[in-house]
Amino acid sequence: MRESKLWFWHILTAVIILVLLGLHMGIMHLSAILNVLGIGPDDPTKSAEVFHRSQQLFFMITYILLLGAALFHGLYGLRSMLFELSLSKTLEKFIGGLCAVAGFALFVYGSYVAVAVFQLKGV
Amino acid sequence: MSGSAAKDSTVIKTVRFEVLRYNPEQDVKPKLKQYVVPVTKGMTVLDGLTWIKEHQDRTLSWRSSCRMGICGSCGMFINGLPRLACNNQIVHLHSDVVVVKPLPNFDIIRDLVPDLESLFDKHRSAKPHLLRKDLAEQNHPTGEYFQSEQELMNYIQFAYCIKCGLCMAACPTVATSRDYVGPQALTQAWRYTMDTRDDGAPERAATLYSSHGVYRCHFAGACSQVCPKGVDPALAIQLAKKDAFLKAFGLRKQRQATPVLGPVRDWTPKAEIPKAPAPTVTRK
């Protein structure tokens, strides 16, 4: 049932991506509407605003969560597509392993960046 | 005598059959050959092929048997869709050209004869039979396995599969991945998993939930669209996914196979029901 668990996470991460990307789109591209409601910065793409968000705990957690969800969802999707090419079992195992290692490495690196920027408080 | 000869023999119109011909011993690649066929009322594509064989080309090969949509032998790719040649009338195709090719996603043995070995290999991998722990009861039955009408209704549509291979020919995933178990075998795996008399769900999970099982389905729904018996393989695949999800969260437990009902005692037969005939084979 390993494949069932992977598929479940694939669906769950799709939902997470939908919510977090919606949040991202709202903040980055709907600032005019948010300003009318009295929330959000004037220009969210300014570097000061980007730093400001990155140094809030909520956004740091959000970035790490989105990174993990996007990596898992994307790499599982890539693995699924490659598995449809009628590859040998050995190659399938190699691709599965490569996706896991690459995903983990990118997640650690991305999380490190998010945490490092968060800790730059006062810059 | 062809099937059409027994019916109304008035020629309604003539159509051009374009049939894919391929003899692996002679041809480098398959090629289309044309035949002009007079169409009579009720004439099926299979009748048309039979007419060609009787009147124009004796070497044309295909596979067919029952001529009534039961055996599933005459699956072909007719005017762009996998169909049974025996239950598709030529006039219902609404075309003056009938293009007939062997089923896609299978190797060609000759002309319109596909090699269905992969279909049956995958079908066998689904363990399409009751799996139970009571081997003694199966070898020497003492009664019937209980099953309610509702329990039967839960899987009966999937049991109508005639193994014609049309769903496999229509499936876009089978077209690209030879390892994909495919809609036919997955549906049969689900059909027996749903059967309350069966106890083999864990064994069948190896096929259903493998890396080439239900999760590779793209839900194109082509399998359900082309099935000549009204089976909905896409539904079976989605139900199998749902079952795995519910079991993963403990929302559905693995059920036990239904018990054996003892022989019925103290019953009076209804007078209007005729008595069963004497058995033709007696046990020694």
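Residues numbered from 1 in each chain as written. Chains lettered and ligands numbered in written order. Predicted model: local features only at pLDDT ≥ 70, side-chain atom pairs only at ≥ 80, totals over all residues. Heavy atoms only, no water.

Draft legend 1. Structural context of the overall build of chain A. For chain A, the helix and strand inventory stands at five helices and zero strands. Shown N-terminal to C-terminal, the secondary structure of chain A runs as helices and strands in the order α-α-α-α-α. Taking 2.2 N^0.38 as the reference for a compact globule, 123 residues should give roughly 14 Å; the C-alpha atoms of chain A span a radius of gyration of 18 Å, well beyond that estimate. Dimensions of chain A along its principal axes, counting C-alpha atoms only, are 55 × 30 × 20 Å. For chain A, with 123 residues in total, the buried portion stands at 32%. Restricting the contact set of chain A to residue pairs at least 6 apart, pairs at least 24 apart contribute 72%. A total accessible area of about 7,900 Å² is found for chain A, and carbon and sulfur atoms account for 77% of it. (Helix = DSSP H or I, 4+ residues; strand = E, 2+ residues; numbered from the N terminus. Rg over C-alpha atoms; globule rule 2.2 N^0.38 Å. Buried < 20%, exposed > 50% of the residue type's maximum accessible area, 1.4 Å probe, protein only. Contact = heavy atoms within 4.5 Å. Areas by Shrake-Rupley, 256 points an atom, 1.4 Å probe, with all protein chains shown as cover.)

Draft legend 2. Up close: the sheet that holds strand β3 (residues 75–78) of chain B. All names here are of chain B. The strand order across the open sheet built from five strands is β2-β1-β5-β3-β4, with neighbouring strands paired in mixed fashion. With partners counted over all chains shown, the strands left at the sheet margins are β2 (31–40) and β4 (81–84), one partner each. In this sheet, adjacent strand axes meet at a mean angle of 35 degrees when their direction is disregarded. Sheet topology places β3 next to β4; four bridges connect them, and they run antiparallel. Within β4, the residue paired with Phe77 across the bridge is Pro82. (Pairing = 2+ DSSP bridges. Axes fitted to C-alpha atoms, helices over the stretch in contact; angles between N-to-C directions.)

Draft legend 3. How the structure looks around the pattern of salt bridges. All names here are of chain B. One pass over the full model with this rule turns up 19 salt bridges over all chains. A salt bridge links Arg178 to Asp179; the nearest nitrogen and oxygen atoms lie 4.0 Å apart. A salt bridge links Arg252 to Asp243, with the shortest nitrogen-to-oxygen separation between them at 2.6 Å. Residue Asp243 is classed as buried on the basis of its relative accessible area, which comes to 4%. (Salt bridge = Lys/Arg side-chain N within 4 Å of Asp/Glu carboxyl O.)

Draft legend 4. Examining the pairing of strand β1 (residues 11–21) of chain B more closely. All names here are of chain B. As paired elements, β1 and β2 share 10 bridges and run antiparallel to each other. Its bridge partner being in β2, Val19 is matched across the sheet by Lys33. Across four bridges, β1 lies against strand β5 (residues 97–101) in parallel orientation. In the sheet register, Phe17 faces β5, and the bridge partner there is Val98.

Draft legend 5. Spotlight on the layout of surface pockets. Estimates place the volume of the largest pocket at around 480 Å³. Lining of the largest pocket is provided by 20 residues; of these, A:Leu6, A:Leu71, A:Phe72, A:Cys99 and A:Ala100 occupy positions nearest its centre. Elements that contribute at least two residues to the lining of the largest pocket include exactly α1 (2–29), α4 (57–83) and α5 (89–118) of chain A. Here the lining of the largest pocket is composed, by residue class, of 14 nonpolar, four polar and two charged. Taken as a whole, the second largest pocket holds about 250 Å³ of empty space. Lining the second largest pocket are 13 residues, and of these B:Asn105, B:Phe106, B:Asp107, B:Ser118 and B:Arg178 lie nearest its centre. Of all the elements in the fold, those that place two or more residues in the lining of the second largest pocket are α2 (117–125) and α6 (172–176) of chain B. Broken down by element, the residue count for the lining of the second largest pocket peaks at four residues, all from α2(B). Grouping the constituent residues of the lining of the second largest pocket by class yields five nonpolar, three polar and five charged. (1 Å grid on protein atoms, 1.4 Å probe; cavity = no way out; pocket = protein on both sides within 12 Å on 5 of 7 lines; lining within 4 Å. Points joined across faces, edges and corners; volume = space filled by probe spheres on them. Nonpolar A, V, L, I, M, F, W, Y, C, P; charged D, E, K, R; others polar.)

Draft legend 6. The interface of chain B and chain A, seen in detail. Taken residue by residue, the interface counts 17 residues in chain B and 15 residues in chain A. Sorting the residues of chain B by area buried against chain A places B:His212, B:Tyr215 and B:Arg216 first, and these three jointly supply 36% of that buried surface. Between the two partners, chain B and chain A, sit one salt bridge. The partner of B:Arg216 in a salt bridge is A:Glu3, and the shortest N-O contact between them spans 3.3 Å. Taken together, the links from chain B to chain A amount to seven residue pairs in polar contact (both at pLDDT 80 or more). (Buried area = accessible area lost by both parts, 1.4 Å probe. Polar contact = N/O pair within 3.5 Å; in protein donor to acceptor, adjacent residues only side chain to side chain.)

Draft legend 7. Examining the confidence of the model for chain B more closely. All names here are of chain B. The predicted model of chain B averages 92 in pLDDT, with 97% of residues at 70 or higher. In the predicted structure, residues 1–5 sits below a pLDDT of 50 and forms eight contacts with residues beyond four places in sequence or in another chain. Two summary scores accompany this predicted model of the complex, namely pTM at 0.85 and ipTM at 0.77. (pLDDT = per-residue confidence, 0-100.)

Draft legend 8. Main features of empty space enclosed by the protein. All names here are of chain B. Taken as a whole and judged by the stated rule, the model has three cavities of 30 Å³ or more. Put simply, the largest cavity is a space of about 110 Å³. Around the largest cavity, the lining comprises 17 residues; the ones closest to its centre are Cys161, Ile162, Cys167, Cys227 and Val231. Listed by contribution, the elements that provide at least two residues to the lining of the largest cavity are α5 (166–170) and α7 (182–194). By residue class, the composition of the lining of the largest cavity is 11 nonpolar, four polar and two charged. Here the second largest cavity is characterised by a volume of approximately 80 Å³. Considering the residues around the second largest cavity, the lining is formed by 13 residues, among which Cys171, Cys217, Ala220, Gly221 and Cys223 are closest to the centre. Counting only elements with at least two residues in the lining of the second largest cavity, the list comes to α6, α9 (222–226) and α10 (233–248). Residues of the lining of the second largest cavity, tallied by class, amount to 10 nonpolar, three polar and no charged.

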